[in-house]
Amino acid sequence: MLGHSVGSVRRSQFSVAALFLLLGFNVGTWTSRLPDLKLQLGIAADDVGILLLACGLGAACAFPLTTTLLEKWGTKYLALAAGLILPVLLIALSLTTHFHFAVLIMFLEGVVCAQMNSAMNSQGVAVEIVGKQKILSKLHATFSLGMLLAALFSSQVMQETELINIHFIISGVIILLFLVFAYFGLLSQELKIATKKPSGLLLPAAGTIWLGIIIFFGSIVEGSMYDWSTIYLFEVAGATKE
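Here the structure is a predicted model, which is why all the values come from computation and not from measurement.

Peer 1: Explanation requested: the overall build of the protein in the structure shown.
Peer 2: Helix and strand content of the protein: eight helices and zero strands. The proportion of buried residues among the 242 residues of the protein is 42%. Counting contacts in the protein only where the partners sit at least 6 residues apart, residues at least 24 apart contribute 85% of the total. With the model as given, the accessible surface of the protein reaches about 13,400 Å², and the carbon-plus-sulfur share is 70%.

Peer 1: I would appreciate a short explanation of the pattern of salt bridges in the present structure.
Peer 2: Pairing between side chains becomes possible if they bear opposite charge and their charged atoms approach one another. Tallying each qualifying case throughout the model produces one salt bridge. Residues aspartate 36 and arginine 33 are paired through a salt bridge, measuring 2.8 Å at the closest nitrogen-oxygen approach.

Peer 1: What exactly am I supposed to notice about the packing of helix α1 (residues 6-32) against helix α5 (residues 99-131) here?
Peer 2: Two packed helices can be described by the angle between their axes and the distance between those axes. Where α1 contacts α5, the axes come no closer than 10 Å and their chain directions differ by 160°. Taken together, the axes of α1 and α5 are roughly antiparallel relative to one another. Once α1 is placed against α5, the crossing between them reads as left-handed. On the side of α1, the interface is formed by Val9, Ser12, Gln13, Val16, Leu19, Phe20, Leu22, Leu23, Asn26, Val27 and Trp30, while α5 contributes Met106, Glu109, Cys113, Met116, Asn117, Met120, Asn121, Gln123, Gly124, Val127, Val130 and Gly131. Residues that form the contact of α1 with α5 fall into these classes: 14 nonpolar, eight polar and one charged.

About the cut-offs
Residues numbered from 1 in each chain as written. Predicted model: local features only at pLDDT ≥ 70, side-chain atom pairs only at ≥ 80, totals over all residues. Heavy atoms only, no water. Helix = DSSP H or I, 4+ residues; strand = E, 2+ residues; numbered from the N terminus. Buried < 20%, exposed > 50% of the residue type's maximum accessible area, 1.4 Å probe, protein only. Contact = heavy atoms within 4.5 Å. Areas by Shrake-Rupley, 256 points an atom, 1.4 Å probe, with all protein chains shown as cover. Salt bridge = Lys/Arg side-chain N within 4 Å of Asp/Glu carboxyl O. Axes fitted to C-alpha atoms, helices over the stretch in contact; angles between N-to-C directions. Parallel < 35°, antiparallel > 145°, perpendicular 65-115°, else oblique. Left-handed = near helix turned anticlockwise from the far one by under 90°. Nonpolar A, V, L, I, M, F, W, Y, C, P; charged D, E, K, R; others polar.

Structure follows, in structure tokens:
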């Protein structure tokens, strides 16, 4: 991994940031239209909870597959594959009127988001090592920026049209543009870190368990905020789409 110029490292940093931005933009796009998806599917609030649960289950179930794909394809090509699938899932979600099909789409959304999440964070760590500069906190802030941009874009689109499919098609194109920008600057060579492979099943350390518990409850708070906030604003607070 030696021999990277300052310019190439900077390009890689912007490329990884684009991955975080596009994933945040993707999540922010469908969460901003949850009230409209709820109406399109003709479902109640508890069914929306099932949709969101399907997304979470998809993410949880994805990790064994993600580990295999990371070893087989590498982070760059896994990020590319996930980035190509995300717009397809967005458009499919905007077109379906069947609840069970929507649940399947949201499950796949969770799977693909988990794969992109793993790939882009691995790229971020690699760029940190190559560039000898801590950037992961900035990258995670870029994810939030992507969600903010998606919310602003959604507000603008809904002033012009209420059609979800038009909104999601345009958003899908934007995601692909982010992906094209990111792809050519991503690191192709994987970092090889010497580790001893365990000979049998190992239980996690106490510190790992506590960290997992903290992340679990933190994820519940975070998910509640951006998954349910739009429905609260529209149905409880009486906010307009503009």
